[in-house]
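# A closer look at the structure
Chain by chain, the residues run as shown.
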Amino acid sequence: MIDFTFTEEQEMFRKAAREFAETMVASKVPEMEETGKFSDDLVKALGEAEMMALTVPEEYGGLDLGYTVRMIAIEEISKVSVAVGMMLQVCALGIEPILKFGTEEQKKRYLPAMAKGERIGTTAVTEATGGSDPTGIRTSYKKEGSDYILNGRKCFITNSHIGDTITILAKDSENPKAFSTFIMEKGMEGFKATREEHKVGMRGCNTGELALENCRVPAENLIGDEGKGMRVALAAIGDVGRGGMVGCALGLQAACLEASIKFANERILYGKPISYLQTIQNKLADMKIDLEAGQLLGYRATSMQDKGMRSSNEFAVAKYFTTEAAQRAAKMAVDIHGGYGCMEEYAVSRYLRDSFVLGPSAGTSDIMKVIIGRWALS
Ligand SMILES: Cc1cc2nc3c(=O)[nH]c(=O)nc-3n(C[C@H](O)[C@H](O)[C@H](O)COP(=O)(O)OP(=O)(O)OC[C@H]3O[C@@H](n4cnc5c(N)ncnc54)[C@H](O)[C@@H]3O)c2cc1C
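Now for a description of the structure that goes with this document. Here the residue numbers are simple positions, counted from 1 along each chain's written sequence. Whole-chain, interface and lining totals are the exception, using all residues; otherwise, since this is a predicted model, local features are given only for residues with pLDDT of at least 70 and side-chain atom pairs are given and counted only at 80 or more. Hydrogen atoms and water are omitted, and side-chain values are computed over all heavy atoms in the structure.

### Some remarks on the packing of helix 5 (residues 82–101) against helix 7 (residues 229–266)
Orientation is described by lines fitted to C-alpha atoms, with helices fitted over the stretch in contact, and by angles between N-to-C directions that extend from 0 to 180 degrees. Elements are defined by DSSP. Helices are runs of H or I of four residues or more, strands are runs of E of two residues or more, and each kind is numbered from the N terminus. Contact pair helix 5 / helix 7: the axes reach a minimum separation of 9 Å and the direction vectors enclose 155°. If you check the angle between helix 5 and helix 7, you find them roughly antiparallel. For the pair helix 5 and helix 7, the crossing hand works out as right-handed. On helix 7, the residues touching Val82, Gly85, Met86, Gln89, Ala92, Leu93, Glu96, Pro97 and Phe101 of helix 5 are Arg231, Val232, Ala235, Ala236, Val240, Gly241, Gly244, Met245, Cys248 and Leu252. Any angle from 65 to 115 degrees is called roughly perpendicular, while one under 35 is roughly parallel, one over 145 is roughly antiparallel, and all others are oblique. Each crossing is labelled by how the near helix is turned from the far one, with a counterclockwise turn of less than a right angle marking it left-handed and a clockwise turn marking it right-handed. Residue contacts are counted whenever heavy atoms from the two residues lie within 4.5 Å of one another.

### A word on the site of the ligand
When we say a residue is near a molecule or strand, we mean one of its heavy atoms is within 4 Å of it. Taken together, 21 residues sit near the ligand, with Thr126, Gly131, Ser132, Thr364 and Asp366 positioned nearest. Within the side chain of Thr364, a nitrogen or oxygen atom sits 2.7 Å from an oxygen atom of the ligand. Where accessible areas are quoted, they stem from the Shrake-Rupley method and a 1.4 Å probe; at the residue level, only the protein chains shown are allowed to cover. Coverage of the ligand by the protein amounts to 66% of the 980 Å² it exposes when considered alone. Listed by contribution, the elements that provide at least two residues to the shell around the ligand are strand 1 (121–124), strand 3 (147–158) and helix 11 (365–377). Each residue receives one of three labels: charged for Asp, Glu, Lys and Arg, nonpolar for Ala, Val, Leu, Ile, Met, Phe, Trp, Tyr, Cys and Pro, and polar for the others, Gly being one of them. Here the residues of the shell around the ligand sort into 10 nonpolar, 9 polar and 2 charged. In terms of domain composition, the shell around the ligand takes at least three residues from each of domain 2 (121–227) and domain 3 (231–377). For the purposes of these results, a polar contact is taken to be a pair of N or O atoms within 3.5 Å, where, inside protein, one atom must be able to donate a hydrogen and its partner to accept one; residues adjacent in sequence count only when each atom of the pair is a side-chain atom. Just so you know, the domain bounds were taken from an automatic or database domain assignment.

### Observations regarding the side chain of Glu96
Here Glu96 shows up in helix 5. Polar side-chain contacts of Glu96 include one of 2.9 Å to the side chain of Tyr67. Engagement of the side chain of Glu96 in a polar contact is seen with the side chain of Lys100, the distance being 2.5 Å. With sequence-adjacent residues up to four places away left out, Glu96 is seen in contact with Tyr67, Ala236 and Val240.

This is how it looks when you write it as structure tokens:
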């Protein structure tokens, strides 16, 4: 039998995440929009609320609540701020490779602090050579004694400047077919965050470049087997990265619908609220249909993931659908607001900007269609 209900624990967690978003996140949004910086207080608050601990097993200081609860947390936080939802989602991309492929020693060393939010995680694959083709990266590693020497440059990395523990994909300098993933730590000699990007949306969520210049990395920081790092990196970005983006998109869709309903009930034209107009109701219906469908797709994928089933294709469908639907929802929300939709004091203008940033992260819609097309043909 298929069960479409959340457990009592999941519902309780949704309520707690909503309260956290309303009390701790909402007040930080104007400052983050203004400065483009992630609030230090918020990093601390997310850690104290154990938001980074959701998928970490208890033995490593986590809550072990699973990926459905993680999506619930990201969805609720993204209703208030997609920038914060995005920062949180990417923390798990630093955690996941260590959790799934790390040694016992690596897990004990990094996971407890990452679960508490004392160390902020991220993963760095993308380079200027094109994120859709990770085999084209140029960041290289070379063995020297028992260490590795890394050189290269990563771009568009979330949490680039606020991250402490960063998993990096690099290519063997002598074998272009071999890739390895390494754990980099803030402060390592030759490793630094350089350019910080100014995005159209998700302002405050830190995105930037990382540079590696003859950076000496001890062998104990290699994750998994040498030469098998592509699997490590893609496993993190695949289900966990795309699941995180689905959470962000669902939150944004819900925020667009909520703001539109409020405005439509308050805006009086022809002596009545515009919610009486059929064209407005049609837009609200379209947004509601997309949200319902997106939730079914997203939580189907996490429920499979929580059961340990293969769910990459289902995540590709959910990521494609929800990020495209979030753009549709934001456009409709702006339209429903008439001229007010173009004014910065209305959140829907931020939602429209944010909606465009959802697409490329963790793989573009074109790449999702490549995966889905292959699935259809298999
Ligand atoms: C806000 C933000 C945060 C990000 N965070 C991270 C992060 O933390 N870590 C990280 O490693 N990366 C991160 N990225 C990078 C992201 O993964 C890449 O932007 C994405 O993979 C696309 O790569 P690209 O930008 O180089 O575009 P390209 O790969 O150059 O693609 C250009 C165009 O070609 C299309 N295209 C490419 N290949 C195909 C194909 N086979 N078939 C059809 N069309 C195709 C694309 O869909 C796109 O329209 C982030 C990006 C953004 C915008």
